[in-house]
Every structure is written in C-alpha cells, then in structure tokens.
Amino acid sequence: MIAALLQGQNGRAFLTTLGGAVAYIGVCGVVGRLGLLPTRLARKMMHIGTGPLYMLCWPLYSAAPSSRWLAASVPALAGVQFMLVGTGIVRDDTLVAGASRSGRREELLRGPLLYAAVHVAATLIWWRHSPCGVLALAILCAGDGLAEVVGRACSSAAASADAPARGGKKGSVDSGSTWRRSVLRALARPLPHNCDKTVGGTLACWLGGAAASLPLLLYFMRHGMFASAGPAAAGGVLQWGWPLVRGVLLCSGFGALAESLPLGGEADNVTIALAVGLCSRAYFGF
Ligand SMILES: Nc1ccn([C@@H]2O[C@H](COP(=O)(O)OP(=O)(O)OP(=O)(O)O)[C@@H](O)[C@H]2O)c(=O)n1
Ligand SMILES: C/C(=C\CO)CCC[C@H](C)CCC[C@H](C)CCCC(C)C
C-alpha cells in the first residue's frame, strides 16, 4: 500500500521533499558542528533556506486534495524529529549544532518546533491555491532570518566606525567616512518601540522578505498554481507589475512590523506568518 502510494506523482514529490529536508537540514547541522559558520549563522541558514526550498517542491504534487497533507507531513516529521532530539529521547548532536544558538538540545523545542508547526499550518490552510501561504512562509524565513543577520551587522559596523573617530585626532576623518558613519548610525538606531531591535534589521526584514516572496510568487504563477482561483482572482493583480510588487511590499511591511514587536521568545515565528497571511488575504482577496 505504502509502496504503491510512493510510486505515483505524489510519492515522488513526497520523497523529493523529504530527501531535500534531510539533506539541507543535515548540511546546516554539519556546517554548525564543524564550525564552518558560527552556530548562530548556521541556524539562520536553516531558518532562511528550508521554507523557500520546501515551497519550490509544492508544484511537484498533483492536484489531488490529499497533496497538501502529504506535503505538510514533511515539516510535521521534521517537527517530530526536533521534539525527539529536544527531549533527549534521540541523540543528534549535528542537528543540535545546526538548529540551536547555544548548543543546548532543549532549544529545539521552542523556535524550530514553532517554525515547523507554522509550515504545517500554512500548508494545510492555504496550500498553493492562495498567495497567503507563500508570502507568510517566505517572509517568515527570509525576512525574519535576515533581520537578525543584518541588524547585528549594522550595530557592530556602527560601533567600529565610531571607535577611531572617538579616539582619533581632530579632523582626521574625511567626509566619505563621515557620511558612511552617519548611515551606519541611522541603521543601527534602536526602534522607538523596541530598543533591542534596529532600523537596519527591520529594513532587512521588510526588503529581504519582499525579495524572497516575489520570485516564489512568479514561480507559482508560472506553474499555474493560482489558476483555480480564476482569472479575476485578486482583480488581476497576480501578474508581473506594480500592483503585485506593491502588494508584496505591503505584506512584507506588515511582517517586518510584526517582527519588530517586543513580544520576546520565539513568538515572532507565529506573529509574522499570521500578520502576513491576513494582510495578503485582505490585499489579494483569496
Ligand atoms: N529587526 C531586528 C531584528 C533583530 N535584530 C538584531 O538581532 C538580534 C536577535 O534578534 P531576534 O529577533 O531576537 O533573534 P532571535 O529571536 O534569536 O532569532 P529567531 O527570530 O530566529 O528566533 C537582536 O538582539 C538585534 O541585535 C535587529 O537589530 N533588528
Ligand atoms: C532553526 C529553525 C528555525 C528557528 O526559528 C529551522 C527549523 C527547521 C524546521 C524544523 C524544518 C521544517 C521542515 C522544512 C519546512 C521542510 C524543508 C524541505 C526542503 C526541501 C528543504
């Protein structure tokens, strides 16, 4: 029965998605364990890459109603794996090295598990018949992921740009570095409503989320993924042009606003996806 199920188009699609998940998550783990990247960046690589790669597999599935369940079973299985490792039932030091900040297995039970749950929910609720799921996951992965990477980079670049000016001789700084220092200071400025996050990080979330969403939406449109909604869907917005770009920038802006909120913990994995999904539903209409 299972062999027969795995022989058809959906079986091949499932095995491709599962194989991709094992491979990509494994690579991130090895990168973290071998110290090829700092663990924080290895974790960001996993956070940023798994979602878009997962969605690239969606057109492989058939139009059968069961397809979304089969696709969603991959993040669900990953979530089970993270739960088993996070609780210590299964030992997987490579996975811990790739998915945790501190190297502690218990961390897998928070952000990563929520992230997997959001992927399951977005797949079952929106699947590939609506831009909501694509936007929610793309902005959660790319936007939220880049926010930390760019935000930290801006803060440290601004701090080191200011260091010689404080200690150097008067007049020893040329206008070019003055301009650069002003830009870095502006990007490193803390947000008025959340002093733990910066303007640069939030801009990266907004623009990075939009930059990841647009090609994915165009990829889905090219595969006729939204055709079931009918040509009049979204008032014809779902085609390359300013209305599409405007909608993506609006949804990504809502995602960046949600990411910037001082909610603490890993709640932003849910709030970003929810904010983007609702904004997308309001703008595109389905
Ligand atoms: N809009 C943002 C987001 C993050 N950061 C920088 O990245 C650090 C960590 O951000 P945070 O979102 O709290 O990261 P995590 O919650 O650890 O990451 P994740 O969302 O993947 O759980 C912040 O302290 C800040 O230095 C920033 O400058 N601006
Ligand atoms: C460290 C992470 C998040 C912290 O906010 C990433 C956690 C990874 C997920 C548990 C993996 C979920 C499964 C993927 C969505 C499936 C990817 C398949 C694709 C082909 C690589």
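Structure: above.
Residues numbered from 1 in each chain as written. Chains lettered and ligands numbered in written order. Predicted model: local features only at pLDDT ≥ 70, side-chain atom pairs only at ≥ 80, totals over all residues. Heavy atoms only, no water.

1. What about the pattern of salt bridges?
When their charged atoms lie close together, side chains carrying opposite charge are able to pair.
Part 1: Considering all chains together, one arrives at 12 salt bridges under this definition.
Part 2: R43 is the salt-bridge partner of E266, the closest N and O atoms lying 3.8 Å from each other. Of the two residues, E266 sits in the loop between α10 (242-260) and α11 (268-284) while R43 sits in helix α3 (residues 39-56), which places them 223 residues apart along the sequence.
Part 3: When the shortest N-O distance is used, the salt bridge between E106 and R104 registers 3.7 Å.
Part 4: With a relative accessible area of 44%, R104 lands in the partly exposed category.
Part 5: Counted as one network, the salt bridges with shared partners bring together R43, R101, E107, R110 and E266. (Salt bridge = Lys/Arg side-chain N within 4 Å of Asp/Glu carboxyl O. Helix = DSSP H or I, 4+ residues; strand = E, 2+ residues; numbered from the N terminus. Buried < 20%, exposed > 50% of the residue type's maximum accessible area, 1.4 Å probe, protein only.)

2. Re the nonpolar core
Part 1: Residues M55, W58, V134, L135, L217, F226 and L244 are the most contacted members of the largest nonpolar core, which totals 45 residues.
Part 2: At the level of secondary structure, the elements contributing two or more residues to this core comprise α2 (9-33), α3, α4 (67-86), α6 (111-125), α7 (131-167), α9 (199-222), α10 and α11.
Part 3: Counting residues per element, this core draws most heavily on α7, which supplies 8 residues.
Part 4: Residue contributions to this core reach at least three from each of two domains, namely domain 1 (1-125) and domain 2 (128-162 + 178-286).
Part 5: Counting residues in each nonpolar core, the second largest holds 11 residues, with Y24, I25, M46 and F82 among its members. (Core = buried A, V, L, I, M, F, W, Y, C linked by side-chain atoms within 4.5 Å. Domains from an automatic or database assignment.)

3. Quick look at unusual backbone geometry
Part 1: Within the chain, W127 stands out as a residue other than glycine whose phi angle is a positive 45°.
Part 2: Positionally, W127 belongs in the loop between α6 and α7.
Part 3: The exposure class of W127 is buried, given its relative accessible area of 2%.

4. A few points about the site of ligand 1
Part 1: Around ligand 1, the structure places 18 residues, and the nearest of them are K44, R101, T198, E259 and E266.
Part 2: At 2.8 Å, a side-chain N or O of R101 approaches an oxygen atom of ligand 1.
Part 3: The protein chains hide 85% of the 590 Å² of surface that ligand 1 would expose on its own.
Part 4: No other element matches the 5 residues that α7 contributes to the shell around ligand 1.
Part 5: The residue inventory of the shell around ligand 1, partitioned by class, reads 1 nonpolar, 5 polar and 12 charged.
Part 6: Residue-level mapping places the shell around ligand 1 at the junction of two domains, with at least three residues from each of domain 1 (1-125) and domain 2 (128-162 + 178-286). (Near = heavy atom within 4 Å. Polar contact = N/O pair within 3.5 Å; in protein donor to acceptor, adjacent residues only side chain to side chain. Areas by Shrake-Rupley, 256 points an atom, 1.4 Å probe, with all protein chains shown as cover. Nonpolar A, V, L, I, M, F, W, Y, C, P; charged D, E, K, R; others polar.)

5. Structural notes on the pairing of strand β2 (residues 194-198)
Part 1: Pairing analysis gives 2 bridges linking strand β1 (residues 190-191) to β2, with the strands arranged antiparallel. Bridge pairing in β2 links L191 to N194. (Pairing = 2+ DSSP bridges.)

6. As for α3
Part 1: Its 18 residues give α3 an end-to-end C-alpha distance of 26 Å, which sits within 8% of 26 Å, the value for a rise of 1.5 Å per residue.
Part 2: For α3, the set of buried residues is A42, R43, K44, M46, H47, G49, T50, G51, P52, Y54 and M55. (Expected span 1.5 Å × (residues − 1).)

7. A closer look at the site of ligand 2
Part 1: Around ligand 2, a shell composed of 20 residues is seen, among which G20, A21, R43, H47 and N269 lie nearest.
Part 2: Here an oxygen atom of ligand 2 and a side-chain polar atom of H47 are 2.8 Å apart.
Part 3: Contact between ligand 2 and N269: an oxygen atom at 3.3 Å from a side-chain N or O atom of the residue.
Part 4: A total of 610 Å² of accessible area belongs to ligand 2 in isolation, and the protein chains cover 98% of it.
Part 5: Considering every element that reaches the shell around ligand 2, the biggest residue donor is α3, with 6 residues.
Part 6: Classifying every residue of the shell around ligand 2 gives 13 nonpolar, 6 polar and 1 charged.

Any functional reading would require information beyond the geometric quantities listed.
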